[in-house]
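Listed below are the residues making up each chain.
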Amino acid sequence: KRAGIGVCMENVSYAYHTGKKVLTDVDFWAEPGQLTGLVGASGGGKTTMLRLLLSLLEPQQGTMKMYADGSNSEQSLLLSPATRQLYAYVPQGNAMFSGTIANNMRSIKPDATDKEIIDCLKKACAWEFIGQLPDTIHEKIGERGNNFSEGQAQRLSIARALLKNAPVLLLDEATSALDIETEKQVLKNIMEDSLPRTCIVTTHRPTALKLCKNVYVIQDTRCRQLSPEEIKKIIRDF
């Protein structure tokens, strides 16, 4: 709780059952209290990496683990379906269901108070429109959040993930429908939280990379860490 939990991949390779290689000899580190970016072309392997971290997929080669108190610590744990409870995951799209906003939020934490829900909505920049509704968090919404725009639904999904208070947060293109300034504010709010959270975000929007401590790029099944100069060039050329 004090130091947070980091995640890493060492020499990880993954291929589909058809034999098509997706990732080759990947080394990847994400530290507590930091925002780590993951960029690359669509279909290049970013979502596959997140699914490997969640142990939804199993690599053909390499080691994946969580660690506490620094990357050199002996306090490490190999990733498995049992470690999945330590993640909060926001996939592409959203998974809101019909009912009230509060019910949607409490699907991740049944005993959450109204205050906890509202605090998370504020961090996700969702309270600015939820607070204007007649019944606020008790307002009923339709299946897949069809009362809201795509960007609003994304913010609700992020708020729900934050309510879990998990040590590792995975955002898979979860801010793609937000305008640039709102995206920056949401990510900044997440990282200013008191929890020493490890946050990994996949994005096509280089502007978000300004907030990232480290950025990795996937190209031709290989994953490498970008230098500060390379990150600046991506942002400048966007």
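That block above? That's the structure.
## Considerations on the packing of aromatic side chains
Aromatic rings considered in pairs are described by the distance between their centres and by the relative angle of their planes.
Here comes step 1: Summed over the entire model, instances satisfying the criterion amount to 4 aromatic pairs.
Here comes step 2: For the ring pair W29 and Y67, a centre distance of 5.8 Å and an interplane angle of 55 degrees mean the geometry is tilted. Remark: Y67 occurs in strand β4 (residues 61-68) and W29 occurs in strand β2 (residues 21-30); sequence separation between them is 38 residues.
Here comes step 3: For W29, a relative accessible area of 25% translates into the label partly exposed.

## Some thoughts on the sheet that holds strand β11 (residues 214-219)
Here comes step 1: Strand order in the open sheet formed by 6 strands is β6-β9-β10-β3-β11-β12, and the pairing between neighbours is mixed. For this open sheet the edge positions go to β6 (87-90) and β12 (222-225), each flanked by a neighbour on one side alone. The sheet shows a mean angle of 15 degrees between the axes of neighbouring strands, direction not considered.
Here comes step 2: Taken together, the 5 bridges between strand β3 (residues 35-40) and β11 define a ladder with parallel strand orientation. In the sheet register, G37 faces β11, and the bridge partner there is V215.
Here comes step 3: Against the sheet, helix α5 (residues 150-163) contacts β6 and β9 (168-172), and its axis sits at roughly 175 degrees relative to β6.

## Re the pattern of salt bridges
Here comes step 1: Evaluation of the coordinates by the stated rule reveals 9 salt bridges.
Here comes step 2: In this structure, K115 engages D119 in a salt bridge whose closest nitrogen and oxygen atoms are separated by 2.9 Å. One end of the pair, K115, and the other, D119, are both in helix α3 (residues 114-123), 4 residues apart, so they sit about a helical turn from each other.
Here comes step 3: Relative accessible area serves as the criterion here: at 59%, K115 is assigned to the exposed category.
Here comes step 4: Judged by relative accessible area, D119 falls into the partly exposed class, the value being 29%.
Here comes step 5: When salt bridges that share partners are traced, they join K123, D193 and R197 into one network.

## Looking at helix α6 (residues 180-191)
Here comes step 1: Here α6 contains 12 residues, and its C-alpha end-to-end distance of 17 Å stays within 8% of the 16 Å for a straight helix at 1.5 Å per residue.
Here comes step 2: For α6, the full list of buried residues reads T182, E183, V186, L187, N189 and I190. On an axial view of α6, the arc spanned by its buried residues comes to 160 degrees, and they lie on one face.
Here comes step 3: For α6, the secondary structure elements touched by its buried residues are β3, α3, α5, β9 and β10 (198-202).
Here comes step 4: The opening residue of α6 is D179, an N-cap whose side-chain oxygen sits 3.1 Å from the backbone nitrogen of E181.

## Some points on the sheet that holds strand β5 (residues 76-78)
Here comes step 1: With respect to topology, 4 strands assemble into an open sheet ordered β2-β1-β4-β5, the strand pairing being antiparallel. The sheet is open, and its two borders are formed by β2 and β5, each paired with just one other strand. Neighbour-to-neighbour, the strand axes of the sheet open up by a mean angle of 20 degrees, direction not taken into account.
Here comes step 2: Packed onto the sheet, helix α1 (residues 46-53) meets β1 (5-15), β2 and β4 and runs at close to 65 degrees relative to β2.

Criteria and cut-off values
Residues numbered from 1 in each chain as written. Predicted model: local features only at pLDDT ≥ 70, side-chain atom pairs only at ≥ 80, totals over all residues. Heavy atoms only, no water. Phe/Tyr/Trp six-rings, centres within 6.5 Å; stacked < 30°, edge-to-face > 60°. Helix = DSSP H or I, 4+ residues; strand = E, 2+ residues; numbered from the N terminus. Buried < 20%, exposed > 50% of the residue type's maximum accessible area, 1.4 Å probe, protein only. Pairing = 2+ DSSP bridges. Axes fitted to C-alpha atoms, helices over the stretch in contact; angles between N-to-C directions. Contact = heavy atoms within 4.5 Å. Salt bridge = Lys/Arg side-chain N within 4 Å of Asp/Glu carboxyl O. Expected span 1.5 Å × (residues − 1). Arc of directions from axis to C-beta. Polar contact = N/O pair within 3.5 Å; in protein donor to acceptor, adjacent residues only side chain to side chain.

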